[in-house]
Amino acid sequence: NAGVTQTPKFRVLKTGQSMTLLCAQDMNHEYMYWYRQDPGMGLRLIHYSVGEGTTAKGEVPDGYNVSRLKKQNFLLGLESAAPSQTSVYFCASSYKLNTEAFFGQGTRLTVV
Amino acid sequence: AQKVTQAQTEISVVEKEDVTLDCVYETRDTTYYLFWYKQPPSGELVFLIRRNSFDEQNEISGRYSWNFQKSTSSFNFTITASQVVDSAVYFCALSEPFSGGYNKLIFGAGTRLAVHP
C-alpha cells in the first residue's frame with residue numbers, strides 16, 4: 001500500500017519555466033490538498049479538492065493551478081515559476097472532513 | 001493573528017529525559033479538532049493524534065502523552081524517556097472552517113526536537 005506518492009522528489013527550475021507536480025493516492029480518499037512548507041511558517045494550504053472534478057483555492061493560491069480529473073490524482077501546476085515559489089511542497093489526502101491527513105514525502109523545488 | 005502557536009522553536013534534550021512540546025491555539029468555534037504531526041529528518045509528515053473539542057481526556061500512547069485543556073486553549077505533547085529516534089520537527093495543527101463547507105488544517109510553525117545520546 002503506497003499511500004500518497006509525489007513525483008518528482010526534487011526539481012530545479014529557472015525563473016519563468018513551468019512544471020507540474022503529480023500526487024497520487026491509493027486509499028480512495030475524497031479530499032486532497034497541496035501545501036507548501038517554508039522555514040518558520042509551518043505548512044500553508046495552496047489548493048484543495050473535495051472530490052473528483054472539483055478544486056478550490058487555499059490560503060496561498062497565487063501562481064499555482066490544480067486539477068483533479070481522476071479521484072486518485074491531484075496535480076499542481078506552476079505556469080511561470082518565480083524564486084518566491086522555492087519551497088517544499090506536500091500533497092495530502094484524507095477520507096473525510098476532520099480525519100487525519102496522510103502526507104506524501106514532499107517535493108523540494110528550487111527556482112533560480 | 002496566529003491561530004496555532006508553538007512557542008518553542010527548538011528543544012535539545014539528552015536521551016531518557018522527558019520533554020514537553022507546547023501548543024496554544026485560538027478559535028471561536030465550539031467544535032474543532034486538534035492534531036499533532038511528526039516530521040522526521042526524512043521529510044514526510046506522520047500523523048500522531050487527533051483530538052476533538054468535546055473530548056478533554058488526556059491520552060497516552062506508549063511514551064507519548066497529550067494534555068488537552070480547553071480552559072487554557074492548549075494541547076501539549078509530552079515524550080517520556082526520550083530517544084534519539086524522537087528527533088524530528090513536531091507540528092501542532094487546528095482544523096477550522098474555511099470555505100465551501102471545508103475545514104482546513106492550520107499548522108503551527110513547528111518545534112524542532114533534538115535528542116542527543
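For the structure itself, look to the data block above.
If you're wondering where the values come from, they're calculated on a predicted model, not measured in any experiment.

J.: Please provide a residue-by-residue account of the overall build of chain A, values included.
T.: Regarding its fold elements, chain A presents zero helices and eleven strands. Counting helices and strands in the order they occur from the N terminus, chain A gives β-β-β-β-β-β-β-β-β-β-β. Along the first, second and third principal axes, the C-alpha set of chain A runs to 35 × 30 × 25 Å. In chain A, buried positions account for 48% of the 112 residues. Sequence-distant contacts in chain A: of pairs separated by 6 or more residues, those separated by 24 or more amount to 54%. When the accessible surface of chain A is totalled, it reaches about 5,300 Å², and 52% of it is carbon and sulfur. Computed over 11 positive and 8 negative side-chain charges, the separation of the two mean positions in chain A equals 6 Å.

J.: Any chance you could break down the overall build of chain B for me, citing the residues and the numbers?
T.: Counting its regular elements, chain B contains zero helices and twelve strands. Helices and strands appear in chain B in the N-to-C order β-β-β-β-β-β-β-β-β-β-β-β. Here the C-alpha atoms of chain B give a radius of gyration of 14 Å, agreeing with the 13 Å that 2.2 N^0.38 yields for 117 residues. Overall, chain B is about 45 × 30 × 25 Å in size when its C-alpha atoms are taken along their principal axes. Residues counted as buried form 47% of the 117 residues belonging to chain B. Carbon and sulfur atoms provide 48% of the accessible area of chain B, an area that totals close to 5,700 Å². Where the 10 positive side-chain charges of chain B centre and where its 13 negative ones centre are 5 Å apart.

J.: Which residues make up the packing of aromatic side chains, and what values go with them?
T.: Think of a pair of aromatic rings as described by two things: how far the centres are apart, and how the planes are tilted against each other in angle. All names here are of chain B. Scanning all chains against the criterion turns up 20 aromatic pairs over all chains. On the basis of an interplanar angle of 70° and a centroid distance of 5.8 Å, the ring pair of Tyr-37 and Phe-47 is categorised as edge-to-face. Of this pair, Tyr-37 sits in strand S5 (residues 33-39) while Phe-47 sits in strand S6 (residues 46-52); the two residues are ten residues apart in sequence, bridging distant segments of the chain. A residue is classified by how much of its surface remains accessible, and Tyr-37, at 0% relative accessible area, is buried.

J.: I'd like a description of the interface of chain B and chain A, backed by residues and values.
T.: Each side of the interface is counted separately: chain B has 21 residues, and chain A has 23 residues. Taken together, the two surfaces of chain B and chain A that pack against each other cover about 1,800 Å², and 59% of this comes from carbon and sulfur. Where chain B meets chain A, there are zero salt bridges. Listing elements by their share of the side of chain B that touches chain A, those giving two or more residues are S5, S6, strand S10 (88-97) and strand S11 (103-107) of chain B.

J.: I'd like a rundown of the environment of Trp-36 of chain B, residues and numbers included.
T.: Take Trp-36 of chain B: it is sitting in strand S5. Along the chain, Trp-36 of chain B and Asn-76 of chain B lie 40 residues apart, while their C-alpha atoms are 9.4 Å from each other.

J.: Please provide a residue-by-residue account of the pairing of S10 of chain B, values included.
T.: All names here are of chain B. With nine of ten residues buried, S10 lies mostly within the body of the structure. Judged from the seven bridges that link them, S5 and S10 form a sheet pairing that is antiparallel. Within the sheet, the bridge partner assigned to Trp-36 lies in S10 and is Cys-92. As paired elements, S10 and strand S12 (residues 111-116) share three bridges and run antiparallel to each other. Residue Ala-88 lies in a different strand from S12, and its bridge partner there is Leu-113.

J.: Tell me about the pattern of salt bridges, and name the residues and values.
T.: Should their charged atoms come close, side chains of opposite charge can pair. All names here are of chain A. Enumeration according to the criterion identifies six salt bridges over all chains in this entry. Notably, a salt bridge pairs Glu-30 with Lys-71, separated by 2.9 Å at the nearest N-O pair. Of the two residues, Glu-30 sits in the loop between strand S3 (19-25) and strand S4 (31-37) while Lys-71 sits in the loop between strand S7 (64-67) and strand S8 (73-78), which places them 41 residues apart along the sequence. Here Asp-38 ties to Arg-44 by a salt bridge, and the two come within 2.8 Å at their closest N and O atoms. Taking relative accessible area as the criterion, Asp-38 reaches 11% and is therefore assigned buried. Look at the salt bridges and you will find they share partners, linking Arg-36, Asp-38 and Arg-44 into a network.

Cut-offs used in this document
- Residues numbered from 1 in each chain as written.
- Chains lettered and ligands numbered in written order.
- Predicted model: local features only at pLDDT ≥ 70, side-chain atom pairs only at ≥ 80, totals over all residues.
- Heavy atoms only, no water.
- Helix = DSSP H or I, 4+ residues; strand = E, 2+ residues; numbered from the N terminus.
- Buried < 20%, exposed > 50% of the residue type's maximum accessible area, 1.4 Å probe, protein only.
- Contact = heavy atoms within 4.5 Å.
- Areas by Shrake-Rupley, 256 points an atom, 1.4 Å probe, with all protein chains shown as cover.
- Lys, Arg positive; Asp, Glu negative; His and termini not counted.
- Charge placed at Lys NZ, Arg CZ, Asp CG, Glu CD.
- Rg over C-alpha atoms; globule rule 2.2 N^0.38 Å.
- Phe/Tyr/Trp six-rings, centres within 6.5 Å; stacked < 30°, edge-to-face > 60°.
- Buried area = accessible area lost by both parts, 1.4 Å probe.
- Salt bridge = Lys/Arg side-chain N within 4 Å of Asp/Glu carboxyl O.
- Pairing = 2+ DSSP bridges.

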